[in-house]
Amino acid sequence: MVDALLRFSITRRWLIMFFVLVIAAVGVWNYQRLPIDAVPDITNVQVQINTQTPGYSPLEVEQRITYLVETAIAGLPYVEYTRSLSRYGLSQVTVVFVDGTDIYFARNLINERLQQAKSQMPPGIEPELGPVATGLGEIFQYTVHADPGARQPDGQPYDATALRTLQDWVIRPQLRLVPGVTEVNTIGGYEKQFHVTPDPARLLAFGLTFDDLVSALEKNNNNIGAGYIERNGEQYLIRAPGQVADIPALESIIVTRRDGVPVTIRDVAEVGFGKQLRTGAATRDGEETVLGTAVMLIGSNSRTVSKAVAAKLTEIDKTLPEGVTADPVYDRTVLVEKTIGTVQKNLLEGAILVVVVLLVMLGKVRAALLTAMVIPLSMLMLMTSMVQTKVSANLMSLGALDFGLIVDGAVIIVENCMLRLGERQHHLGRLLKLDERFETVFKATREVFTPSLISVLVVILVNLPILALTGVEGKMFRPMALAVIMALVSALILSLTFVPAAVALLLGGHIAEKENLIMRTAKRVYTPVLD
């Protein structure tokens, strides 16, 4: 099989060159699709179940919420383990699945079980699943800032509540439309609310309770439809708009009647703007601010998504009120590009060093460049393999590549071909005919292919145990081993096809195989040692 492939590559050299160009073009295309990150994502397959329980103590949360959720999900397939957290007003259950489990399948399983648990929970309690993201999903952060001279439409300066309102109703909804963004979290500021503060003395005077007040607010804050009326072939829709929009509308809601006189909210309570209670805040340069965090969808390209978020934020910034800006404070693209820049610099320096060494040691420009071509071609084939196997380009996967190992087989084949071609020309005393050159290249390649194959297999076998790692270690080091193995296999394929075809095509004419100055000097040094 090897002999047939070698003969085909040599005799159909132009066809091999065409295939190599196609593979290179596919590699360039796949490079644009390759997920790029700073480090491998070591997060396991997990689903978080968050349940808000206002007013519940940690013990009550554990007994009435967390225990029910854990019981409901018990026995699910592919579950590795679960952990829970019960705090004041919050229950969080994390379900970790076996590696390789589809995240959407896992979420569907949990959703089915949660429907059973909801019926046993107190009224108004709704468990929610966390975003489809990993521990490295926070790819972009920004702050909403107002200049000291900026004013709201009512003339008031922008405070933490106004900035939070802009974040919740203007910025956040638009960022969630960016492809690859699964959630936008907000920290800081105050959530704007309408507060109805009852006066117990007034309620007692009118014989009302808090429930009466709540019931009146609920019933008088709805839009109701009543069908339609047909008249003269036209249809008139009937509806009663009753949704309140401002404080005067809230104050005018009727709670009850006393002696035919309506008792409104204004008569028994104070209505005004208020703030939601919070347990944390965000600061920038010592001043309180509103911080937004874009969370990436699991499996997305962090560099692509963070660039899209940055571009979208620039567009949104132009639509904000005068004096208000959304300023980026963390962009994953910067970290990724610096990391990839370091890897590219090291790879480029390594490639240049290899080419220089090949040029000096082989002594032939064409032979050195031919051998060096294996490096970019192997990298392009590696890009295609990484896309197909869903291995991201990062510091671990690309940083472990050794160009010396990649060109090892090509160096051996090219050097032996030059030696045999030179010997054959010297023996015949003339230039070789086309069929003679092809046969010499075939024999020279076949002569050293087995040692070259063994050297590659040894390196591959050394990396195979790494593929058996599991857990965090496996997620961290398996991309490195896969990248090395795929690069070596690519180089081996090129050594068996491209290199002999290129040698037969390019290394024509007179070839004088002789030792250069470096080799002659080295022999003078170590030959006496051998004697």
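These notes cover the structure that comes with them. Small disclaimer: the values here were computed from a predicted structure and weren't measured.

1. With respect to the packing of helix H5 (residues 160-175) against helix H10 (residues 302-319)
Angle between the axes and distance between the axes: these two values describe a pair of packed helices.
Phase 1 of the analysis: The N-to-C vectors of H5 and H10 enclose an angle of 150°; their axes lie 10 Å apart at closest approach. Crossing angle aside, the handedness with which H5 passes H10 is right-handed. Contacts from Ile171, Gln174 and Leu175 of H5 reach H10 at Val309, Lys312, Leu313 and Ile316.
Phase 2 of the analysis: When the residues that make up the contact of H5 with H10 are grouped by side-chain class, the tally is five nonpolar, one polar and one charged.

2. Comments concerning unusual backbone geometry
Phase 1 of the analysis: A positive phi angle, close to 70°, is found at Tyr78, a residue other than glycine.
Phase 2 of the analysis: The phi angle at Asn232 is positive, at roughly 55°, despite the residue not being glycine.
Phase 3 of the analysis: Mapped onto the secondary structure, Asn232 falls in the loop between strand S8 (224-231) and strand S9 (234-240).

3. Side note on the pattern of salt bridges
Phase 1 of the analysis: Using the criterion set out here, one finds twelve salt bridges in the structure.
Phase 2 of the analysis: Among the ionic pairs, Asp99 bridges to Lys475, the shortest N-O distance being 3.6 Å. Taken as a pair, Asp99 in the loop between strand S3 (90-97) and helix H4 (103-118) and Lys475 in helix H18 (residues 471-496) lie far apart in primary sequence, 376 residues in all.
Phase 3 of the analysis: The salt bridge involving Glu288 is made with Arg278; its shortest N-O contact spans 2.7 Å. Highlighted residues: Glu288 in strand S14 (residues 287-296) and Arg278 in the loop between strand S12 (269-275) and strand S13 (282-284), separated in sequence by ten residues.
Phase 4 of the analysis: Accessibility expressed as a relative area gives 39% for Glu288, which makes it partly exposed.
Phase 5 of the analysis: Owing to a relative accessible area of 30%, Arg278 belongs among the partly exposed residues under this scheme.
Phase 6 of the analysis: Through salt bridges with shared partners, one network takes in Arg172, Arg176 and Glu183.

4. Overview of the sheet that holds strand S2 (residues 79-87)
Strands belonging to one sheet form pairs held by backbone hydrogen bonds; the direction of such a pair is parallel or antiparallel.
Phase 1 of the analysis: Overall, antiparallel pairing links the four strands, which are arranged S2-S3-S1-S4 in an open sheet. Edge positions in the sheet fall to S2 and strand S4 (128-129), since each has one partner strand and no second.
Phase 2 of the analysis: Of the strand pairs in this sheet, strand S1 (residues 45-52) and S4 are connected by two bridges, and their pairing is antiparallel. Bridge assignment links Asn50 to a residue of S4, and that residue is Glu128.
Phase 3 of the analysis: Taken strand by strand, helix H3 (residues 58-73) contacts S1, S2 and S3, and its axis lies near 165° from that of S2.
Phase 4 of the analysis: Lying over the sheet, H4 contacts S1, S3 and S4, oriented at roughly 35° with respect to S1.

5. Quick look at the environment of Asp99
Phase 1 of the analysis: We classify Asp99 as partly exposed; its relative accessible area is 34%.
Phase 2 of the analysis: Once the C-alpha coordinates of Asp99 and Leu398 are considered, the two residues, 299 residues apart in sequence, prove to be 23 Å apart.
Phase 3 of the analysis: Those residues within four positions of Asp99 in sequence are excluded, and the remaining contacts are Asn44, Val45, Gly471 and Lys475.

6. Examining H18
Phase 1 of the analysis: Its 26 residues give H18 an end-to-end C-alpha distance of 37 Å, which sits within 8% of 38 Å, the value for a rise of 1.5 Å per residue.
Phase 2 of the analysis: By the largest-angle criterion, Phe477 marks the main kink of H18, which is about 35°, and a proline, Pro479, follows within four residues.

7. Points about the packing of aromatic side chains
Phase 1 of the analysis: Evaluation of the coordinates by the stated rule reveals three aromatic pairs.
Phase 2 of the analysis: Centroid distance Phe194 to Phe273: 5.1 Å. Interplanar angle 40°. Geometry classified as tilted. Of this pair, Phe194 sits in strand S7 (residues 192-198) while Phe273 sits in strand S12, placing them 79 residues apart in sequence.
Phase 3 of the analysis: We classify Phe194 as partly exposed; its relative accessible area is 41%.
Phase 4 of the analysis: When the ring centre of Trp29 is taken as origin, the NZ or CZ atom of Arg33, which lies over that ring, is 4.5 Å away.
Phase 5 of the analysis: The ring of Tyr190 carries Arg278 above its face, with NZ or CZ at 3.9 Å from the centroid.

8. With respect to the nonpolar core
Phase 1 of the analysis: The biggest cluster of nonpolar side chains holds 64 residues, and the ones touching the most others in it are Leu382, Met386, Leu398, Leu401, Phe403, Phe498 and Val499.
Phase 2 of the analysis: Here this core takes ten residues from H18, the largest share from any one element.
Phase 3 of the analysis: Those residues in contact with Phe403, other than ones at most four positions away along the chain, are Leu347, Gly350, Ala351, Val354, Ile375 and Met379.
Phase 4 of the analysis: If you look at the next biggest cluster of nonpolar residues, it comprises 25 residues, including Ile139, Ala162, Leu175 and Val324.

9. Topic: the packing of helix H1 (residues 2-11) against helix H2 (residues 13-33)
Phase 1 of the analysis: At their nearest, the axes of H1 and H2 sit 4 Å apart, and the two run at 90° to each other. Here H1 lies roughly perpendicular to H2, going by the angle between them. Here H1 contributes Phe8, Ser9, Ile10 and Thr11 to the contact with H2, which in turn contributes Arg13, Leu15 and Ile16.
Phase 2 of the analysis: Residue classes in the contact of H1 with H2 are distributed as four nonpolar, two polar and one charged.

10. Examining the side chain of Thr182
Phase 1 of the analysis: Within the fold, Thr182 resides in strand S6 (residues 181-187).
Phase 2 of the analysis: Among residues more than four places away in sequence, those in contact with Thr182 are Pro131, Val132, Ala133, Arg176, Val295, Met296 and Leu297.

11. Remarks on a nonpolar patch on the surface
Phase 1 of the analysis: A contiguous nonpolar patch, built from Leu5, Phe8, Leu15, Phe18, Phe19, Val22, Val26 and Trp29 and spanning about 710 Å² of accessible area, is present on the exposed surface.
Phase 2 of the analysis: Looking at the nonpolar patch, the elements that each hand over two or more residues are H1 and H2.
Phase 3 of the analysis: The topology assignment puts Val26 in helix H2.

Cut-offs and rules
Residues numbered from 1 in each chain as written. Predicted model: local features only at pLDDT ≥ 70, side-chain atom pairs only at ≥ 80, totals over all residues. Heavy atoms only, no water. Axes fitted to C-alpha atoms, helices over the stretch in contact; angles between N-to-C directions. Helix = DSSP H or I, 4+ residues; strand = E, 2+ residues; numbered from the N terminus. Left-handed = near helix turned anticlockwise from the far one by under 90°. Contact = heavy atoms within 4.5 Å. Nonpolar A, V, L, I, M, F, W, Y, C, P; charged D, E, K, R; others polar. Salt bridge = Lys/Arg side-chain N within 4 Å of Asp/Glu carboxyl O. Buried < 20%, exposed > 50% of the residue type's maximum accessible area, 1.4 Å probe, protein only. Pairing = 2+ DSSP bridges. Expected span 1.5 Å × (residues − 1). Bend = angle between axes of the 7 residues up to and from the residue. Phe/Tyr/Trp six-rings, centres within 6.5 Å; stacked < 30°, edge-to-face > 60°. Lys NZ or Arg CZ within 6 Å of the ring centre and 35° of its normal. Core = buried A, V, L, I, M, F, W, Y, C linked by side-chain atoms within 4.5 Å. Parallel < 35°, antiparallel > 145°, perpendicular 65-115°, else oblique. Patch = residues over 30% accessible without salt bridge, like charges linked within 9 Å, V, L, I, M, F, W, Y side chains within 5 Å. Areas by Shrake-Rupley, 256 points an atom, 1.4 Å probe, with all protein chains shown as cover.

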